[in-house]
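The residues making up each chain are set out below.
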Amino acid sequence: EKLMPNLDTRKAYAWDPTPFLEVPDFEKSNRINRNRQWICGALQNCEHWLVKQKFSWPVQKFGNKKNNQQIISESSLLNNFSKVWGVLCPLHPKPSGGSGWYRMRYQWAVETGAVLYADPMDTALMPGPYNQALADIESKGAKDLRLLVAAQREWFFDNTASSRKTKSNIKCLIEENL
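Residues numbered from 1 in each chain as written. Predicted model: local features only at pLDDT ≥ 70, side-chain atom pairs only at ≥ 80, totals over all residues. Heavy atoms only, no water.

A. Looking closely at the overall build of the chain. Of regular secondary structure, the chain possesses seven helices and four strands. Ordered by position in the sequence, the α and β elements of the chain form the string β-α-β-α-β-α-β-α-α-α-α. When each of the 178 residues of the chain is scored for burial, the buried share is 38%. By sequence separation, contacts in the chain at least 24 residues apart represent 66% of the contacts at least 6 residues apart. Here the chain displays about 11,100 Å² of accessible surface, and carbon together with sulfur accounts for 53% of that area. (Helix = DSSP H or I, 4+ residues; strand = E, 2+ residues; numbered from the N terminus. Buried < 20%, exposed > 50% of the residue type's maximum accessible area, 1.4 Å probe, protein only. Contact = heavy atoms within 4.5 Å. Areas by Shrake-Rupley, 256 points an atom, 1.4 Å probe, with all protein chains shown as cover.)

Below, the structure written as structure tokens:
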């Protein structure tokens, strides 16, 4: 089935836009002892997902007008991320209930030094530090949280293509399909 009359969707290619995105400016926190808190910044309504998680840390929410949440800039959101231990990446409801692993929040958590917790459906293909149980994360002390942040950072950069590699892959796809 075609999504648009002029768009042939029989061939679809995944690519990761991460190397082309600029991280918004934010105030980097030098705080060693961050707040044991989660931040969920999402335009979509993710209340159902949040309730299912059963967090023991408080959850601060931004971005959803319908739920009367404060709308803040991306820079302000990252400022907040840099002061807490946890960033949430709720399951995106479309198109298939699990969007794969590319989401800006992964990069933003890495850049701000926070642990990212995402839905297991989104992290199913990501072995290691992104497949931590929620209760395990919340039970860690500051030292172990710092180690998890470092492991997530390492995994993220080891599994994110450079802009050069991404451009090369896109060029090959174009040439193959001309």
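B. How the structure looks around helix 6 (residues 142–158). End to end, helix 6 covers 24 Å across 17 residues, agreeing with the expected 24 Å (1.5 Å per residue, within 8%). Along helix 6, the positions that sit buried rather than exposed are Leu145, Leu148, Val149, Gln152, Trp155 and Phe156. For helix 6, the angular spread of buried residues about the axis comes to 130 degrees, placing them on one side. The outward face of helix 6, more than 90 degrees from its buried face, is lined by the exposed residues Lys143, Leu147, Glu154 and Asp158. Against the buried residues of helix 6 lie strand 1 (35–41), strand 3 (84–89), helix 3 (104–112), strand 4 (115–118) and helix 5 (134–139). (Expected span 1.5 Å × (residues − 1). Arc of directions from axis to C-beta.)

C. Structural view of the packing of helix 3 against helix 6. Between helix 3 and helix 6, the least distance of the axes is 10 Å, while the angle of their chain directions is 130 degrees. Here helix 3 lies oblique to helix 6, going by the angle between them. Two packed elements cross with a definite hand, and for helix 3 against helix 6 that hand is left-handed. Across the interface between the two elements, Tyr106, Gln107, Val110 and Glu111 of helix 3 pack against Gln152, Arg153, Phe156 and Phe157 of helix 6. For the contact of helix 3 with helix 6, a count of residues per class yields four nonpolar, two polar and two charged. (Axes fitted to C-alpha atoms, helices over the stretch in contact; angles between N-to-C directions. Parallel < 35°, antiparallel > 145°, perpendicular 65-115°, else oblique. Left-handed = near helix turned anticlockwise from the far one by under 90°. Nonpolar A, V, L, I, M, F, W, Y, C, P; charged D, E, K, R; others polar.)

D. Structural view of the nonpolar core. Counting 20 residues, the largest nonpolar core has Ile39, Leu77, Phe81, Val87, Tyr106, Leu116 and Tyr130 as the members making the most contacts within it. Contributing elements (two or more residues each) for this core: helix 2 (74–81), strand 3, helix 3, strand 4 and helix 6. Contacts of Leu77, omitting those with residues within four sequence positions, involve Ile39, Gly41, Phe62, Ile72 and Trp108. Among the nonpolar cores identified, the runner-up in size contains 17 residues, and Cys40, Ala42, Tyr117 and Leu145 belong to it. (Core = buried A, V, L, I, M, F, W, Y, C linked by side-chain atoms within 4.5 Å.)

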